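If you want the building blocks of each chain, they are given just below.
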Amino acid sequence: MSSKKSITFIVNPISGVHGKEFILHLINKHIDRNQYDYTICKTEYAGHASEIARDAAEKGIDIVTAIGGDGTINEIGRSLIHTDTALGIIPCGSGNGLARHLHIPINVWGAIETLNRGFIKDIDYGIIDNHPFFCTCGVGFDAFVSLKFADSGKRGLLTYLENTLHESLKYQPGTYEIENELGTVRHKAFLIACANASQYGNNAYIAPQASLTDGMMDITILEPFTVLDVPALSFQLFNKTLDQNSRIKIMKEKKITIHRHQEGVFHFDGDPMMGGKDLTVEVVHRGLRVIAPERGKTSVEPFSILQHFTDFIGTRPLAYSIAEKHKKLLQLNQNLLRRLSKR
């Protein structure tokens, strides 16, 4: 009988932003064959990844590895909760929020090396309206943009920013009631984010202090703001200091119910879903096993928003690169600021 562990790799050929055949080539080249027996499964239809993962867990496969973005990771992870099968991640999505929080390398070779080391962590997961999530869920503007992003037909940070700039011109904050075991508080909010992990992805830290192992959610409430608040909010989102902004209110809870005036969209791990007026959100303590580095990264990531955009665009100076390569985005940003200043 083989003493090796078993891994099933699940790849969605059309998700994410990287070529999948090259990733499969790197897996074949770098996976530790002395330690693992492995198979690769390609999904063929919506929901197929969840079926493959569930079947693998029932067969006692040690690790099921998601090759894709946060949506693919969510689909696979929810089939592995409360099983002995661990979730592995080779991140190749547009945001990679869970991988970044867990300090899994975004480069494929580094992610495979993390699998080869095989360190297992038990992490929390959340549930909103009976839908499991691992990074964030919420209502308001981020859910609205997720819906637009899903319908855009394109992926990537630039598409997300374009949708954000367009929709922020017309989006109106809503009034919500947040109910916990102590009572109900009322907020007018641009968005409410319930965070299990600290970030949406792309190092955008919506809940800088969130932990995947404390059995609590960090609920971030962004109150209505003016154009004068935009630079600080943008900088702090990527500088891991958003919780210091006066427009931000933070709650830590195990379970809440969000009450809103009408049915509408909410999101879980960036996937939009239509829901009712009342949404129950809760965290389940250490219900998922994941393969991740034993310790966090020792190197310091560039959290400055200017550095973040420089990394995204290229190595040339930021202003030159934006002007040359992304004139449309620059024009959208200028248009946004002009229109907001007239409100």
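Along each chain, residue indices are assigned from 1 in the same order as the chain's sequence is written. Residue-level local features of this predicted model are given only where pLDDT is at least 70; pairs of side-chain atoms are given and counted only at 80 or more, and the full residue set underlies all totals for whole chains, interfaces and linings. Side-chain figures throughout are based on the complete set of non-hydrogen atoms in the structure, without hydrogens or water.

Caption draft 1: Main features of the overall build of the protein. Strands are runs of DSSP state E lasting at least 2 residues, helices are runs of H or I lasting at least 4, and numbering of each runs from the N terminus. Secondary structure assignment for the protein yields 11 helices and 16 strands. Buried residues in the protein amount to 53% of all 343 residues. The contact criterion used throughout is that any non-hydrogen atoms of two residues lie within 4.5 Å. Considering only residue pairs separated by 6 or more positions, the protein has 71% of its internal contacts joining residues 24 or more positions apart. Accessibility throughout is a Shrake-Rupley quantity obtained with a 1.4 Å probe, and a residue counts as covered only by protein chains that appear here. About 16400 Å² of surface is accessible on the protein, with carbon and sulfur atoms providing 51% of the total. Note on exposure labels: buried denotes an accessible area under 20% of the residue type's maximum, exposed denotes more than 50%, and partly exposed covers the range between, all computed with a 1.4 Å probe on protein chains only.

Caption draft 2: View of the side chain of N196. By the element assignment, N196 lies in the loop between β10 (191-195) and β11 (217-222). Of the polar contacts made by the side chain of N196, one reaches the backbone oxygen of F134; its length is 2.9 Å. When residues no more than four places from it in sequence are discounted, the contact partners of N196 are D124, Y125, F133, F134, C135, A210, S211, L212 and V283. Polar contacts, as counted here, are pairs of nitrogen or oxygen atoms within 3.5 Å of one another; within protein the pair requires one atom able to donate a hydrogen and one able to accept it, and residues that are adjacent in sequence qualify only if both atoms are side-chain atoms.

Caption draft 3: Just the pairing of β10, in detail. Along β10, 5 of the 5 residues are buried, which leaves the element largely enclosed by surrounding structure. Of the two faces of β10, the one lined by L191, A193 and A195 and the one lined by I192 and C194 are each fully buried. Pairing geometry for β10 and β11, over 5 bridges, is antiparallel. Each residue of the ladder has a partner; that of L191, found in β11, is L222. A pair of strands is considered paired only if DSSP assigns at least 2 bridges between the two.

Caption draft 4: Inspection of the sheet that holds β11 at higher detail. Read from one edge to the other, the open sheet built from 6 strands follows the order β12-β11-β10-β7-β14-β15, with strand pairing classed as antiparallel. This sheet does not close on itself; its edge strands, each paired only once, are β12 (248-253) and β15 (271-275). Averaged over neighbouring strand pairs, the angle between their axes works out to 20 degrees when direction is ignored. Across 5 bridges, the pairing between strand β7 (residues 136-140) and β10 is antiparallel. The convention used is that axes are lines fitted to C-alpha atoms, helices contributing only their stretch in contact, and that angles between N-to-C directions extend from 0 to 180 degrees.

Caption draft 5: Spatial organisation of helix α1 (residues 20-30). Among the residues of α1, those classed as buried are K20, I23, L24, L26 and I27. Considered in projection along α1, the buried side chains sweep an arc of 160 degrees and stay on one side of the axis. Opposite the buried face of α1, by more than 90 degrees, sit the exposed residues E21, F22 and K29. The directions from the helix axis to the C-beta atoms form the arc being described.

Caption draft 6: Layout of the nonpolar core. Within the largest apolar cluster, 50 residues are counted, with the highest numbers of intra-cluster contacts made by I27 and I90. In terms of residues, this core owes the most to one element, helix α2 (residues 48-58), which gives 5 residues. Apart from the residues lying within four places of it in its own chain, the contact partners of I27 are F9, Y38, I67, I90 and I112. Definition used in this section: a nonpolar core is a set of buried Ala, Val, Leu, Ile, Met, Phe, Trp, Tyr and Cys residues joined via side-chain atoms within 4.5 Å.

Caption draft 7: A look at unusual backbone geometry. For N203, which is not glycine, the phi torsion reads 60 degrees and is therefore positive. With respect to the helices, strands and loops of the structure, N203 is situated in the loop between β10 and β11. For N203, a relative accessible area of 6% corresponds to the buried category. A positive phi angle, close to 50 degrees, is found at R286, a residue other than glycine.

Caption draft 8: Fine view of the confidence of the model for the protein. pLDDT measures how confident the predictor is about each residue, on a scale from 0 to 100. A residue-level look at the protein finds 79% of positions with pLDDT of 70 or above and a mean pLDDT of 85. Contacts of residues 297-326 to residues separated by more than four positions or lying in other chains number 38 contacts, the stretch itself having pLDDT below 50.

Caption draft 9: Region of interest: the pattern of salt bridges. Salt bridge, as used here: a side-chain nitrogen of Lys or Arg that lies within 4 Å of a carboxyl oxygen of Asp or Glu. Using the criterion set out here, one finds 9 salt bridges in the structure. Among the ionic pairs, D37 bridges to K4, the shortest N-O distance being 3.8 Å. Of this pair, D37 sits in strand β2 (residues 36-42) while K4 is found in the segment before β1 (5-11), placing the two residues 33 residues apart along the sequence. Judged by relative accessible area, D37 falls into the partly exposed class, the value being 37%. Taking relative accessible area as the criterion, K4 reaches 34% and is therefore assigned partly exposed.

Caption draft 10: Summary view of the environment of A53. Following the sequence through the fold, A53 ends up in helix α2. Using a relative accessible area of 0% as the deciding quantity, one classes A53 as buried. Taking the C-alpha atoms as reference points, A53 and L80, separated by 27 residues in sequence, lie 6.9 Å from one another. When neighbours within four sequence positions are excluded, A53 is seen to be in contact with I10, V64, I76, S79 and L80.

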